[in-house]
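A look at the structure
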Amino acid sequence: MTRAILSDLHGNLEALEAVLADLERAGVDEVACLGDFVGYGASPNECIERLRPRLAVALLGNHDEAAFDPMALEYFNDEAARAVRWTTGALTRENLDWLRALPFETVWHGARLVHASPSDPPAWNYVLTLADAWTEMQSCRERLCFVGHSHVPAVVEIGTTHPSRVAGESVQLVPGRRYLTVVPSVGQPRDGDSRAGYLLWDDEGDTLEPVRVPYDIARAQERIRAAGLPAHLAERLAWGQ
Ligand code: ZN
């Protein structure tokens, strides 16, 4: 079965539309989302309402949490906090309640899904280095763990003695090895590639494929500016940072 794992939409409807079209191309059967539906972008309601009917499973992200819990804003920089406050005002009651009910983590078809890190999901720790990936997999019993949060995609193979990054368009998984995958961000990539991203997981071929798709960045930027959100949030979309 071909599954898609999405993360970090951040209210970017144009990026989401491009990804949804690509899911049809790829013949995806089931879709999961690792959270951060909202924050930064100008289309929080549209993103939730467009993706929700397609989702088999959805998790809470830190920006989703901050949208309904002002205490969480303490850990946000000024720009991100401004965007969260705007988002809270923009979200419908129904969408806020839907975010509030999302879980921190789950196991889906034998794989652990969590927005930030499996060792302590509500702490919103980043998995940035090979050492982070190794440490995090010590608290994960599953063979596969999928996270988002950093917006910098990576597939890390956890060997018997050391972790290593696996590159390539499609990653063939090795029996007996375990993998921590940072899923590409749909709506705000930060790896220098401005295209929208998501992950394909084919459990029959035992492969993982990070996918990137071009989208209408200018339109997403226009919406951010028209909403009165910080201009930098529009600019960074073009840089993929
Ligand atoms: Zn995020």
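Residues numbered from 1 in each chain as written. Predicted model: local features only at pLDDT ≥ 70, side-chain atom pairs only at ≥ 80, totals over all residues. Heavy atoms only, no water.

1. Here we look at the environment of Gly35
- For Gly35, the position within the fold is in the loop between strand E2 (30-33) and helix H2 (44-51).
- Under the relative-accessibility criterion, Gly35 is labelled buried at 0%.
- Separated by 27 residues in the primary sequence, Gly35 and Asp8 place their C-alpha atoms 5.9 Å from one another.
- Apart from the residues lying within four places of it in its own chain, the contact partners of Gly35 are Ser7, Asp8, Leu9, Leu59, Leu60, Gly61, Asp64 and His115. (Helix = DSSP H or I, 4+ residues; strand = E, 2+ residues; numbered from the N terminus. Buried < 20%, exposed > 50% of the residue type's maximum accessible area, 1.4 Å probe, protein only. Contact = heavy atoms within 4.5 Å.)

2. A word on the coordination of the zinc ion
- Every protein donor of the zinc ion is listed here as Asp8 (OD), His10 (NE2), Asp36 (OD) and His151 (NE2), and their distances to the metal cover 2.0 to 2.3 Å.
- For the zinc ion, the four donor atoms in the first shell make angles of 86 to 177 degrees at the metal, a pattern classed as irregular.
- Along the chain, the residues donating to the zinc ion are arranged with the sequence spacing D-x1-H-x25-D-x114-H. (Donors = N, O, S within 2.8 Å, 3.2 Å for Na, K, Ca; no water. Tetrahedral: all angles 85-135°; square planar, octahedral: opposite > 155°, others 65-115°.)

3. Remarks on helix H6 (residues 130-137)
- Of all the residues in H6, the buried ones are Ala133, Glu136 and Met137. The buried side chains of H6 occupy one side of the element, clustering within an arc of 95 degrees when seen end-on.
- Lining the buried residues of H6 we find strand E6 (144-147), strand E7 (154-158) and strand E10 (178-182). (Arc of directions from axis to C-beta.)

4. A closer look at empty space enclosed by the protein
- Within the structure shown, the criterion is met by two cavities of 30 Å³ or more.
- Roughly 40 Å³ of volume is contained in the largest cavity.
- Along the walls of the largest cavity sit His10, Asn12, Tyr40, Gly41, Gly187, Gln188, Ile224, Leu233 and Leu237, which together make up its complete lining.
- Of the residues contributing to the lining of the largest cavity, the split by class is four nonpolar, five polar and no charged.
- There is about 30 Å³ of room inside the second largest cavity.
- Considering the residues around the second largest cavity, the lining is formed by Gly11, Asn12, Leu13, Glu14, Gly41, Ala42, Ser43, Ala220, Arg223 and Ile224.
- Sorting the residues of the lining of the second largest cavity by element identifies helix H1 (13-25) and helix H7 (217-226) as the ones contributing at least two each.
- Element by element, the count of residues in the lining of the second largest cavity is highest for H7, at three residues.
- Grouping the constituent residues of the lining of the second largest cavity by class yields four nonpolar, four polar and two charged. (1 Å grid on protein atoms, 1.4 Å probe; cavity = no way out; pocket = protein on both sides within 12 Å on 5 of 7 lines; lining within 4 Å. Points joined across faces, edges and corners; volume = space filled by probe spheres on them. Nonpolar A, V, L, I, M, F, W, Y, C, P; charged D, E, K, R; others polar.)

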